[in-house]
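Remarks on the overall topology
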Amino acid sequence: MSTALEKAIGTMVVTFHKYSQKEGDKFKLNKAELKELLQNELPVFNSKRMDAAELQKIMTDLDHNRDHEVDFQEFCCFLSCVAMGFEEFFRGCPKPPLPRK
C-alpha cells in the first residue's frame, strides 16, 4: 500500500509525462505543453488569464539550462517553490484532517 507522499510523488511524475509526451522531446515540456499543464493541473495559474508575456516569463524562470524546454528536474524545482508558497500561505490555519489510509 502506498503512502500519501508516495502517491503525491507518483502523481508528479505521471502528470509531467502526460504533457511532455504530446510533442517533440518526450522528456521535456515545450512552451505549449507547459501552458496546458499549468491551465489544467494548477488552476491557480488560470485564475487570471495568462498572456504570452507572462507565459514567457514563467518559461524563462523555469528553464535553468536555457534549452527552451522544461525538463523534469526544472519542473520539480518549480513544484517545490509552489509547495513552499502554499505552505507559507496556509501557515497558521487550522490543520486539515490527515487523509485516511
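The rules behind each value
Residues numbered from 1 in each chain as written. Predicted model: local features only at pLDDT ≥ 70, side-chain atom pairs only at ≥ 80, totals over all residues. Heavy atoms only, no water. Helix = DSSP H or I, 4+ residues; strand = E, 2+ residues; numbered from the N terminus. Buried < 20%, exposed > 50% of the residue type's maximum accessible area, 1.4 Å probe, protein only. Contact = heavy atoms within 4.5 Å. Areas by Shrake-Rupley, 256 points an atom, 1.4 Å probe, with all protein chains shown as cover. Lys, Arg positive; Asp, Glu negative; His and termini not counted. Charge placed at Lys NZ, Arg CZ, Asp CG, Glu CD. Phe/Tyr/Trp six-rings, centres within 6.5 Å; stacked < 30°, edge-to-face > 60°. Salt bridge = Lys/Arg side-chain N within 4 Å of Asp/Glu carboxyl O. Patch = residues over 30% accessible without salt bridge, like charges linked within 9 Å, V, L, I, M, F, W, Y side chains within 5 Å.

What follows deals with the overall build of the protein chain. When its secondary structure is counted, the protein chain shows four helices and two strands. Sequence-ordered secondary structure for the protein chain, helices as α and strands as β, is α-β-α-α-β-α. A principal-axis box enclosing the C-alpha atoms of the protein chain has dimensions of 40 × 30 × 25 Å. When the 101 residues of the protein chain are sorted by exposure, 26% land in the buried category. In the protein chain, 45% of the contacts between residues at least 6 apart in sequence involve partners at least 24 apart. Per element, the accessible surface of the protein chain, about 7,500 Å² overall, is 61% carbon and sulfur. Averaging the coordinates of the 15 positive side-chain charges in the protein chain and doing the same for the 16 negative ones gives two points 8 Å apart.

Within this structure, the stated rule accounts for five aromatic pairs. When the centroid spacing of 6.4 Å and the interplanar angle of 70° are considered together, the rings of Phe-86 and Phe-90 count as edge-to-face. With Phe-86 and Phe-90 both in helix 4 (residues 72–90), this residue pair falls four residues apart, about one helical turn. Judged by centre distance (4.9 Å) and plane angle (90°), the rings of Phe-89 and Phe-90 are edge-to-face. The exposure class assigned to Phe-90 is partly exposed, which follows from its relative accessible area of 47%. Aromatic rings pair up to connect Phe-16, Phe-72 and Phe-75 into one cluster.

Moving on: the pattern of salt bridges. As enumerated under the stated definition, the model contains five salt bridges in all. Among the ionic pairs, Glu-36 bridges to Lys-22, the shortest N-O distance being 2.8 Å. Placement of Glu-36 in helix 2 (residues 31–41) and of Lys-22 in the loop between helix 1 (4–20) and strand 1 (28–29) is noted, with a sequence separation of 14 residues between them. You can call Glu-36 partly exposed: its relative accessible area is 29%. For Lys-57, the salt bridge is made with Asp-61, and the minimal N-O distance between the two is 3.0 Å. Of the two residues, Lys-57 and Asp-61 are both situated in helix 3 (residues 52–62); the distance of four residues between them amounts to about one turn of the helix. Classification of Asp-61 as partly exposed rests on a relative accessible area of 45%.

A contiguous nonpolar patch, built from Val-44, Phe-86, Phe-89 and Phe-90 and spanning about 450 Å² of accessible area, is present on the exposed surface. For Phe-89, the location among the structural elements is in helix 4. On the basis of relative accessibility, which here comes to 64%, the residue Phe-89 falls in the exposed class.

Any link to function would need more than the numbers given here.
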